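Coordinate analysis (summary)
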Amino acid sequence: MGVNLSGGAPTTPGAPGGILQAIHDGISGIGDALAEGLNGIIRGLIDMVLGRYDGDFPPFVDGQLALNERFDLLGTSAYCAAYMYNNLRLGPGRNRALPFDSQIGPNQDAELVQVSRTHPEDGSGSTTRQEWCIRLDRAGLWHANASFVHAGDGFDRAQGEIVVLNPDLTPYSYTTLPAPRPHADGGTVTDVNVGAPVSLSKFFVTPAPGYYVQVRWRFNVLVGIRTVKGGARLSQFSVVQWSDDIDNAATNDDPSGTIDDT
């Protein structure tokens, strides 16, 4: 079958002038329709302004407000970060919450707070201490990170911990890692070349709002003093919520057995 591009007798019935003429006519028709539609919109807007529009008004939706309510689009729906304003010097046999008392930047649905809590070393429950925590005001999957540096006398038994507390301030979950075992490193508390670093990371799920997170340092020696260094350069603590989902909230802090591959 021949194709007529010259404008002569067409080979396709109903398309006088050939295919090029049909394309030209089709484009012209689309342009006319668009122009007519645009003119209709403009006339409708003029009628609205002049108060003579008698059609239906479309519903108004505030897209910005709708976006603000979509926390799942933000990626980080809750967060808080802090550092230690002061150093903390610890004697032997101490188990202390580190004083992350100074907020870094803004916070959202997580707040740096001070709580009065029974001291872990006191078996009778009669001794309480003021301890710094971050309160989590949303349920879901969270990620906590902490890092700090300590220096002083040599030691062989110490641990850094991220501890999650129930709303009643009893322990909910732990991540406990042994600290490095340096010799006595002395130095000044501001010397960045002296000291042993500790880095902690913990994922956990809170089933409801109102849980707390804190960083602890356990110095389990009979004799000796260590100083945990403050300042934003050498101490950081942060929490970020990853999801509102509370699936798989239950975890075992301790292993249930050993897979033997000896």
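Higher on the page you've got the structure.
Description of the structure in this document.

Cut-off values and rules
- Residues numbered from 1 in each chain as written.
- Predicted model: local features only at pLDDT ≥ 70, side-chain atom pairs only at ≥ 80, totals over all residues.
- Heavy atoms only, no water.
- Core = buried A, V, L, I, M, F, W, Y, C linked by side-chain atoms within 4.5 Å.
- Buried < 20%, exposed > 50% of the residue type's maximum accessible area, 1.4 Å probe, protein only.
- Helix = DSSP H or I, 4+ residues; strand = E, 2+ residues; numbered from the N terminus.
- Phe/Tyr/Trp six-rings, centres within 6.5 Å; stacked < 30°, edge-to-face > 60°.
- Pairing = 2+ DSSP bridges.

**As for the nonpolar core**
With 31 residues, the main nonpolar core has W217 and V239 as its most contacted residues. Within the residue set of this core, elements represented by two or more residues are β1 (79-83), β5 (110-118), β6 (128-136), β7 (140-152), β8 (158-165), β10 (196-206), β11 (211-219) and β13 (235-243).

**Re the packing of aromatic side chains**
If you walk through the whole model with that rule in mind, you get four aromatic pairs. Ring geometry for F203 versus W242: centroids 5.2 Å apart, planes at 90°, classification edge-to-face. Linking F203 in strand β10 with W242 in strand β13, this pair joins segments that are 39 residues apart in sequence. Residue classification places F203 among the partly exposed residues on the basis of a relative accessible area of 45%. Take W242: its relative accessible area is 52%, and that puts it in the exposed class.

**Things to note about the pairing of β13**
Relative to β13, β1 runs antiparallel, the two sharing four bridges. Directly across from Y79, in β13, lies its bridge partner V240. Of the strand pairs in this sheet, β7 and β13 are connected by eight bridges, and their pairing is antiparallel. Bridged to A146 within β13 is F237.

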